[in-house]
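As a plain string of letters, each chain reads:
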Amino acid sequence: MISAVLVVTRRNIVQSAIFLITALLATAGIFLQLHAEFLFIVQVILYAGGIMVLFVFVIMLINLDVSLHQVQFNRQWWLGLVLALALGAQLTVAIAVGRSGLPLGEPVPATMLEPSTELVGKVLFGEYMLPFEIASILLLVAMIGAVVMAKKKV
Amino acid sequence: MIPTSHYLFLSLGLFTVGVIGVVTRRNVIIILMSIELMLNAVNINLVAFSRLVGSAEGHAFAIFIITDAAAEAAVGLGIIIAFFRNRETLLGDEMDLLKW
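Conventions we followed
Residues numbered from 1 in each chain as written. Chains lettered and ligands numbered in written order. Predicted model: local features only at pLDDT ≥ 70, side-chain atom pairs only at ≥ 80, totals over all residues. Helix = DSSP H or I, 4+ residues; strand = E, 2+ residues; numbered from the N terminus. Buried ≥ 20, exposed ≤ 12 C-beta atoms within 10 Å, placed from the backbone. Contact = placed C-beta atoms within 7 Å. Core = buried A, V, L, I, M, F, W, Y, C linked by C-beta atoms within 7 Å. Domains from an automatic or database assignment. Expected span 1.5 Å × (residues − 1). Axes fitted to C-alpha atoms, helices over the stretch in contact; angles between N-to-C directions. Parallel < 35°, antiparallel > 145°, perpendicular 65-115°, else oblique. Nonpolar A, V, L, I, M, F, W, Y, C, P; charged D, E, K, R; others polar. pLDDT = per-residue confidence, 0-100.

J.: Hey, could you go over the overall build of chain B for me, with residue numbers and the actual values?
T.: From N to C terminus, chain B includes three helices and zero strands. For chain B, the N- to C-terminal ordering of α and β elements is α-α-α. The buried share among the 100 residues of chain B stands at 57%.

J.: Give me the lowdown on the overall build of chain A, citing residues and values where you can.
T.: The helix and strand tally for chain A stands at seven helices and zero strands. The linear arrangement of helices and strands in chain A, starting from the amino end, is α-α-α-α-α-α-α. Looking at chain A as a whole, 22% of its 154 residues qualify as buried. Within chain A, contacts between residues separated by at least 24 positions form 43% of all contacts whose residues are at least 6 apart in sequence.

J.: Any details on the nonpolar core? Residues and values, ideally.
T.: Where a protein is soluble and globular, its nonpolar side chains tend to be buried together. Ranked by size, the top nonpolar core spans 59 residues in total, and within it Phe31 of chain A together with Ile29, Val47 and Ala48 of chain B carry the most contacts. Taken together, the elements giving at least two residues each to this core come down to α2 (13–33), α3 (37–61), α6 (116–125) and α7 (129–150) of chain A together with α1 (4–24), α2 (28–53) and α3 (57–87) of chain B. Sorting elements by how many residues they give to this core places α2 of chain B first, with 15 residues. Both domains that meet at this core, namely domain 1 (1–68) and domain 2 (113–154) of chain A, each give it at least three residues. When neighbours within four sequence positions are excluded, alanine 48 of chain B is seen to be in contact with Leu34 of chain A together with Thr4, Tyr7 and Leu8 of chain B.

J.: Account for helix α5 (residues 77–98) of chain A, naming residues and giving values.
T.: With 22 residues, α5 of chain A extends 31 Å from end C-alpha to end C-alpha; this agrees with the ideal 32 Å at 1.5 Å per step. Sparse coverage of α5 of chain A is indicated by the burial of one of its 22 residues.

J.: Got a sec to walk through α1 of chain B? Specific residues and values, please.
T.: Since the α-helix packs 3.6 residues into each turn, any two residues three or four apart lie on the same face. Relative to the 30 Å expected for 21 residues at 1.5 Å per residue, α1 of chain B spans 30 Å between its end C-alpha atoms, a close match to the ideal helical length. The buried fraction of α1 of chain B amounts to 15 of the 21 residues, a majority that puts the element mostly inside the structure.

J.: Outline the packing of α3 of chain A against α2 of chain B, listing residues and values.
T.: The packing of two helices is summarised by the inter-axis angle and the distance between the axes. Viewed as axis vectors pointing N to C, α3 of chain A and α2 of chain B meet at an angle of 175°, and their least axial separation amounts to 12 Å. Our classification of the angle between α3 of chain A and α2 of chain B gives roughly antiparallel. For the pair α3 of chain A and α2 of chain B, the contacting residues are Leu39, Phe55, Val58 and Ile59 of chain A in the first and Ile29, Met33 and Val47 of chain B in the second. Considered class by class, the residues forming the contact of α3 of chain A with α2 of chain B number seven nonpolar, no polar and no charged.

J.: Go over the interface of chain A and chain B, please, and point to the residues and values.
T.: With 67 residues of chain A at the contact, the number on the chain B side is 58 residues. Mapped by element, the contributors of at least two residues to the side of chain A that touches chain B are α1 (2–9), α2, α3, α5, α6 and α7 of chain A. Per-element tally for the side of chain A that touches chain B: the top contributor is α3 of chain A, with twelve residues. Across the side of chain A that touches chain B, the residue classes break down as 53 nonpolar, 13 polar and one charged.

J.: Give a detailed account of the environment of alanine 41 of chain B, specifying residues and quantitative values.
T.: All names here are of chain B. Assignment of secondary structure puts alanine 41 in helix α2. Between the C-alpha atom of alanine 41 and that of phenylalanine 15, which follows or precedes it by 26 residues, the distance is 5.5 Å. Dropping the residues within four chain positions of it, alanine 41 is found in contact with Ser11, Leu14, Phe15 and Gly18.

J.: Any chance you could break down the confidence of the model for chain A for me, citing the residues and the numbers?
T.: Per-residue confidence for chain A averages 75 on the pLDDT scale, and 70% of its residues sit at or above 70. Looking across chain A, the model is least confident in α1 of chain A, with a mean pLDDT of 58, and most confident in α7 of chain A, with 86.

Listed below in structure tokens is the structure:
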């Protein structure tokens, strides 16, 4: 949480990226706490490994010295801040009020859970087979798109 | 055992921080990172609810969201590289080629 705030407020994008890694690893820890071992591994390898390498690589490709001396916040940043905080407050009230109406009682005890990796595999390749294949096509399209974007002459 | 509503509040806080980052920053890379933060908040929500119900469908959706985030990061960073090559800047409000 703290590192998430730091991601947004740091002036230097490299520091920002480092704090983003911390935030992602903290999220991975929360997944572990929620008995989602497979997601924990995916988060660590894919997010903290893959996507962050991509970010850091692009940051290195781009000239850093220019952006250090520029104004880093919008001209209307106060308006955006107020609106975003209003959204947050609204959602807080919504959860706090609606909490009693939701069936947020006792979670299923941990001893009754199946091993989560096995369960995820069953769900992913049984019920959600078609979305899974569509996701793979999406990844292919994104890969081709990224290569075309980064080429010198299209 | 931590109640589910605590996870909801945590994810709410993360999401709000992400929104603040998207709305107030000018640097495009940091805007992309804030979007990643928001996606993570949604993932926490999904997994928390899936833990509450005891099924793995929330996990499946969280995996789809992670796939989307990877695709979006790849394309977005490609766009950033192309843009930086043309305009020599990283500021979001300089991206006005399509503005009339």
